[in-house]
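Residue-level listing of the chains:
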Amino acid sequence: MPPPSRFHAVRERLGVPGAVVAIAAFLLCIAGLLLCASVDATEDKGTGYALKQGVRLFAAIPVCGFVFFVKPRWIRANAIIIYTLSVVLLALVLFVGPVINGARRWIGFGSFRFQPSDLAKIAVCLMLAGVLAGKERARNGWRVLLAIVLVLVPAALIVKEPDLGTALNLAPILVAALLVSGARRLHLLLFAGAAAAGLAILIIVGLHGYQKERIDTWWRQNELTRSEKLAQGYHLHRSKIAIGSGGFWGYGFAEGPQNKNDLLPERHTDFAFSVICEEFGFVGGIIILILESCIPFGLIILSMRIRDAFARTAIICIATQTGMQAIVNMGVATGAFPTTGIALPLVSYGGTSAMVTLASLAAALQLAASAEPALAAEAFGPGEEATALDRPRR
Amino acid sequence: MERARIIFIIAAFAAFAILIVLRLGYLQIASTDEWRAEAERLTERQRSIPYFRGAILDRKGTEIAVDEATYALDFEYRSFHLKNPIAQALQVESIAGASPSGGVELPTLVKIARDAAGSQFAISNITPGQIAEAEPAAERDALRGGLEKLLNLDALENRAARARFRDAIRARSRTRLAELLPGPCSGISGKISKSAELLDKLDERLKRPAGETLAAVERVRNEIIADVEAGLSKNYESGNIDNIDNVSAERAHRRRKRESWLERLADDVGYPAAELVIFREDEFPGFSVAETTARRYPRSLLPWVVGTLRKPSAEEIQHFREADARLDELARQLDRTEEQEREYAQLQQYVVRHAYEPGEVVGAEGVERAYDAELRGERGRIYEKTSKRGAGFERPETLPPINGKNVTLTIDVELQKTAQDLLAGGVPALPGVQVRGSFAVIDVRTGDVLALAAVPDFTRDDLKDKEKYARLRDIDNDKSNPAHPLHHRGYRPWLPPTPGSSFKIVTALAALEHELITPETMHRCDGRIGMLHCDNVHNEVNLHEAIEESCNCYFGWLGERLGLEALEDAATRFGFSQKTGFDSLEVKGGFGIKTADVDMLRRCGVGYQIDCTPLQVARSYAAIANGGKLMKLRVVNAVGGAPAPVEQIGDINIKPEWLKLIRDSLRDVVAGAHGTARLSGLADLGVAGKTGTAEVDPRNDLNHAWFCGYAPYTNPKVAFAVYIERVKLHGKDVTPLVRALLESKAMAPYLREN
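None of the values given here were measured: they were computed from a predicted structure.

Rules behind the numbers
- Residues numbered from 1 in each chain as written.
- Chains lettered and ligands numbered in written order.
- Predicted model: local features only at pLDDT ≥ 70, side-chain atom pairs only at ≥ 80, totals over all residues.
- Helix = DSSP H or I, 4+ residues; strand = E, 2+ residues; numbered from the N terminus.
- Buried ≥ 20, exposed ≤ 12 C-beta atoms within 10 Å, placed from the backbone.
- Contact = placed C-beta atoms within 7 Å.
- Pairing = 2+ DSSP bridges.
- Core = buried A, V, L, I, M, F, W, Y, C linked by C-beta atoms within 7 Å.
- pLDDT = per-residue confidence, 0-100.
- Axes fitted to C-alpha atoms, helices over the stretch in contact; angles between N-to-C directions.
- Parallel < 35°, antiparallel > 145°, perpendicular 65-115°, else oblique.
- Left-handed = near helix turned anticlockwise from the far one by under 90°.

1. Some thoughts on the overall build of chain B
No. 1: Along the backbone of chain B there are 29 helices and 24 strands.
No. 2: A burial count over chain B gives 42% of its 754 residues as buried.
No. 3: Within chain B, counting contacts between residues at least 6 apart in sequence, those at least 24 apart form 72% of the total.

2. Quick notes on the overall build of chain A
No. 1: In terms of helices and strands, chain A carries 15 helices and 2 strands.
No. 2: Classification of the 394 residues of chain A by burial places 54% in the buried group.
No. 3: Within chain A, counting contacts between residues at least 6 apart in sequence, those at least 24 apart form 72% of the total.

3. Structural notes on helix H25 (residues 598-605) of chain B
All names here are of chain B.
No. 1: For H25, every residue scored as buried is listed here: Leu601, Arg602, Arg603, Cys604 and Gly605.
No. 2: Buried positions along H25 lie against helix H22 (504-513), strand E13 (528-529), strand E14 (532-533), helix H24 (552-573) and strand E17 (610-611).
No. 3: Gly607, located one to two residues past H25, shows a positive phi value of around 95°.

4. Let's talk about the pairing of strand E22 (residues 688-697) of chain B
Residues and elements named next belong to chain B.
No. 1: Extensive coverage of E22 is indicated by the burial of 7 of its 10 residues.
No. 2: With 9 bridges connecting them, E22 and strand E23 (residues 702-711) associate as antiparallel partners. Paired with Thr693 across the bridge in E23 is Ala705.
No. 3: Between the end of E22 and the start of E23, which pair antiparallel, lie 4 residues, with Asp701 showing a positive phi angle near 65°.

5. Regarding the environment of Glu68(B)
Residues and elements named next belong to chain B.
No. 1: For Glu68, the location among the structural elements is in strand E3 (residues 63-76).
No. 2: Accessibility expressed as a C-beta count within 10 Å gives 11 for Glu68, which makes it exposed.
No. 3: Separated by 16 residues in sequence, Glu68 and Phe52 place their C-alpha atoms 7.3 Å apart.
No. 4: Setting aside residues no more than four positions away along its own chain, Glu68 makes contact with Thr293, Ala294 and Arg296.

6. Here we look at the nonpolar core
No. 1: Leu128(A), Ala177(A), Ala314(A), Ile315(A) and Ala368(A) are the most contacted members of the largest nonpolar core, which has 122 residues in total.
No. 2: No other element matches the 16 residues that helix H14 (residues 309-334) of chain A contributes to this core.
No. 3: The residues contacting Ala368(A), other than those within four sequence positions of it, are Arg13(A), Leu14(A), Gly18(A), Leu302(A), Ser303(A), Ile306(A), Ala311(A) and Ile315(A).
No. 4: Judged by nonpolar contacts, the second largest core, of 118 residues, contains Phe439(B), Val506(B), Ala623(B) and Phe707(B).

7. Considerations on the confidence of the model for chain B
In low-pLDDT segments, the atomic positions of the prediction should not be examined closely.
Residue and element names in this part refer to chain B.
No. 1: When pLDDT is averaged across chain B, the result is 74; 69% of the residues are at 70 or more.
No. 2: The low-confidence segment residues 202-261 (pLDDT under 50) makes 100 contacts with residues lying over four places distant or belonging to another chain.
No. 3: The complex model carries a pTM of 0.60, and its ipTM stands at 0.87.

8. So, the environment of Pro116(A)
All names here are of chain A.
No. 1: With respect to the helices, strands and loops of the structure, Pro116 is situated in helix H4 (residues 116-132).
No. 2: For the pair Pro116 and Trp106, spaced 10 residues apart in sequence, the C-alpha to C-alpha distance is 7.0 Å.
No. 3: Aside from chain neighbours lying at most four places away, what touches Pro116 is Ser86, Leu89, Leu90, Val93 and Ile107.

9. Concerning the pairing of strand E11 (residues 449-455) of chain B
Residue and element names in this part refer to chain B.
No. 1: When you tally the buried positions in E11, you get 7 out of 7 residues, the bulk of the element.
No. 2: As defined by bridge partners, strand E10 (residues 437-443) adjoins E11 across 6 bridges and the pair is classed as antiparallel. Bridged to Ser438 within E11 is Ala454.
No. 3: Between the end of E10 and the start of E11, which pair antiparallel, lie 5 residues, with Gly447 showing a positive phi angle near 80°.

10. What about unusual backbone geometry?
Residues and elements named next belong to chain B.
No. 1: Going from Val455 to Pro456, the amide bond is cis rather than trans, its omega being -5°.
No. 2: Residue placement: Pro456 occurs in the loop between E11 and helix H20 (460-464).
No. 3: The amide bond that connects Ala711 to the next residue, Pro712, takes the cis arrangement and shows omega of -15°.
No. 4: By the element assignment, Pro712 lies in the loop between E23 and strand E24 (718-727).
No. 5: Here the phi dihedral of Leu302 falls at roughly 55°; this positive angle occurs in a residue that is not glycine.
No. 6: Looking at where Leu302 falls in the secondary structure, it is placed in the loop between strand E5 (287-296) and helix H14 (303-306).
No. 7: Judged by C-beta crowding, with 26 C-beta atoms within 10 Å, Leu302 ranks as buried.

11. Quick look at the packing of helix H7 (residues 164-181) of chain A against helix H1 (residues 2-30) of chain B
No. 1: Where H7(A) meets H1(B), the axes come as close as 8 Å, and the angle between the chain directions of the two elements is 155°. The angle between the axes of H7(A) and H1(B) places the two elements in the roughly antiparallel class. Here Ala176(A), Leu179(A) and Val180(A) of H7(A) lie close against H1(B), whose contacting residues are Glu2(B), Arg5(B), Ile6(B), Phe8(B) and Ile9(B).

12. Quick notes on the packing of H14(A) against H1(B)
The geometry of a pair of packed helices is captured by two quantities: the angle between their axes and the separation between those axes.
No. 1: At a minimum axis separation of 10 Å, H14(A) and H1(B) run at an interaxial angle of 20°. Here H1(B) runs roughly parallel to H14(A), going by the angle between their axes. Crossing hand, H14(A) versus H1(B): left-handed. Note on element contacts: H1(B) touches H14(A) through Ile9(B), Phe13(B), Phe16(B), Ile20(B), Arg23(B), Leu24(B) and Leu27(B), opposite Ile316(A), Thr320(A), Gly323(A), Ile327(A), Met330(A), Gly331(A) and Thr334(A).

13. Quick look at the sheet that holds E11(B)
Residue and element names in this part refer to chain B.
No. 1: Spatially, the 5 strands line up as an open sheet ordered E11-E10-E24-E23-E22, and their pairing is antiparallel. What marks the edges here is a single partner per strand, and that holds for E11 and E22. For this sheet, the mean inter-axis angle between neighbouring strands, taken without regard to orientation, is 10°.
No. 2: Alignment of E23 against E24, held across 8 bridges, turns out to be antiparallel. Bridge assignment links Tyr710 to a residue of E24, and that residue is Ala719.
No. 3: Packing against the sheet, helix H26 (residues 614-625) makes contact with E10, E11, E23 and E24, and its axis sits at approximately 145° to E24.

14. Observations regarding the environment of Arg267(A)
Residues and elements named next belong to chain A.
No. 1: Here Arg267 lies in the loop between helix H12 (257-260) and helix H13 (272-304).
No. 2: According to the C-beta neighbour criterion, Arg267 is buried, with 28 such atoms within 10 Å.
No. 3: The sequence separation of Arg267 and Ser348 amounts to 81 residues, and the corresponding C-alpha distance is 8.7 Å.
No. 4: Ignoring any residue separated from it by four or fewer positions in sequence, one finds Arg267 in contact with Val39, Asn259, Ala272, Ser274 and Val275.

15. What to know about the confidence of the model for chain A
No. 1: Here chain A averages 80 in pLDDT, while 82% of its residues score no lower than 70.
No. 2: Long-range and interchain partners of residues 376-394 of chain A, a stretch whose pLDDT sits below 50, account for 25 contacts in this model, where long-range means more than four residues apart.

Okay, structure coming up:
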């Protein structure tokens, strides 16, 4: 029997979960384009969201291709470089980036503009995987501390922008990384305790007025006065109206009143989910939820078959990052979480968000495809660092 | 173990996903109806339909004050801003400040906004808040430079639009609009030229030929400047991130302001101006026309009866605001108790139908004020769904307005005019002299005021014209000038006259009552008693003759014997010293002395030392005429078709035989052989009455000349009192006025036998 071609190997390794992830990603991109089209249809100023998003998605294809077909060692070897680059960019944006809507988040080169925090998210995933992957490494307290520091640095920079939401998004990645890589329970408990204390201090002391206001508004969301609904509670209230009035089947494409009448702020970015729920109802919302869930679930299931600790950790981190971002976005839109400005992965219109997300998914799939599958009994044995595809060092 | 941990992560995700599903279920299935209602509230516009305030009609239904449908011009900043490239340019220019430099590279912010929006409408996407958050100075300069560039190198569209805009308004529409707007709105043309100057300056800076623009641009611009400067100073002093704490609240506040920035430019523009704005709306961006009503006064008469209107006071509006706030509170509660549900429905009705809207009016004086509640109607409501463009369609549930009730006065406009003209025309005895006085005509049985003329009088036109009114006020307040035009001599004279001999019936009845005399008692008249004197020597007279010949000696003797208290008592019973209830401003009059010596008492008996108004005198004669009933004087005949009540407020308590005696005596004044008015010709008209000549300035021989009475004497219908102030006349000289009035066409229906 001829040896299985690489394509078949890949297909076999990725299997159903991989396919599910890829298809879900694709469908979500399509949904994002539909959303942009809907917003375009209801804006009378001729905004070309759909077109631009389409262009970006197309531009993402070669990037994904590159990431997918690059040698797996490349990713691992360059994790540090990517991380350093992202930290530098984060620092840079604080000084050089223009202030938009009260925050400095973007760097522009010519007409090209992107958010370093997007890059940082994936960089952190890779870095954590690199630091913590492997049982022995994970059990090392110093490594754990290093991992925490490596997350705190970009997080602090992001908070300075200020973008508390994205910064907090790094926390689940850290938690997942620690869990999955096999840190000691003691370390985990210590970390949890420290995190709780840190959070408490943050809430009491560190939060800006408007951030405290946001939490307060969110907590009291059912008892807001009318003027509050026009001020602090504006986004959440309008979002809930959009979602709630969608009902079971929704109003139909480009027919949602909140969308049509420009009554929902940020409806092509942060509140894209609200528009979808308004126009496609409960059905549409559940579909998006399922699709967004497919990605982390698929990736995690995929990772369970992998022997290589780095790959496993990296994939789970990426899965957690994407999944939590989706959950938080949908939670914010429905009022389950206090308002933060997080985009819905792949669906929201956004400069670099979709591209980076696709690239990270490509990286995850690549890692999954090239990592040697674990035999059932061997799965999760003591830390294996080498992968079968590693060429023997010369 | 790791597997367990991975399972844990999966479980965590699943839990979150379930949370989202539950939340979606709650919002979209469980409470979707409430959210739909909330969504509809946002896209729902309620337009109120104005009601017509009740008309004020005269006795026969002639309109004196009536509401007419008209149009009002409103200006909405938001749509002006969105549609008008010049407004946008002005906005950015004012934000960027005046800097002489130009031709700079497009600044980052503009560029970014442009990219994001992808069109030259980017400028309109920049909010004041964004600009406020821009780096000061350098960015502002660059922004301004960018604006120049934008306008200079711009795509055809903007330039063409600008040129089109200009051409369309140049001279033609602007003047046309200014022409079409009525007088008080002509301030708009002032605003237009002011903003034209501004735009000229802008053009100059941008090196364009001179142009013009529309009304209110200047004010809008100033508000933008103020708004942004407030934002600039508050939010961006040092660039410290902490300063943006207020950003969201500030932004929301501005959003609220922007969305609701609707201002009424002109209250009452005619159809031509409205048509101009409606059919050429692209030339008038931001302008809109609202249907409204305005009060018209087809008859300029009787402003002091009909009254005036004013805008509601802050307290009155506050009252409705509180109701509105409570309504909002109840509306927020998704579950209301039954009681709250009822309160909610009530409040909704109250606020929607009754609350004061901008431009609404409230009665300030007169009947407009006294009957304000009945004159006001209830607004209607049209419920519309709107899209961004503001188009709407009507939902089946339109609440129709309820117009106010009409108020019918008792005054007959024709009769009033006749009486007024007669007074103004003077008396034959003093040809060519402009007299001052008043003429009151009332209905004997019901107390209706049929006419209340006075000279000098003022009309509503006098009130509307500020200069005229100021002049009238000056004359009125001038103590040396006896005119006092704003003090209507009918019910609130500046110097209330004394009734003179018309008062003698009171003295007569008081004397009879106190049994000082009998109808047969004779008294000798020598031509004078104390300081008083008669015109003639009357020799021996009884009461009947004393009235007929108006003997001062007789009544002076009676007054002396009655004493002040009795006289006061009798006077009050006849309605003197009491307000007639005609108007809140009227004077009471009454006896002006407290203790009296003999001379004073004599004078009192003859009708001196007591102040009165013609209405009071007329009322007293009406009491004689109707058999002793003192009626409450009415100005309002009916409200909304329902007749107003007729009230009797007193009784003069007079024995029938005395009443007959007095009435016969009054008849003989005009009909008898010695009557003081026997030559007046009033006997043929069935009049019974009394002349009065009150000496006010004996040295100059100036009197108040009165004639009061009723007609027809067999079955009295109307009572009247007329006096002329400070003239060299006697009461009998006034009778031609009475005769002319009673013979007039306007009076005929009132004298006809039923």
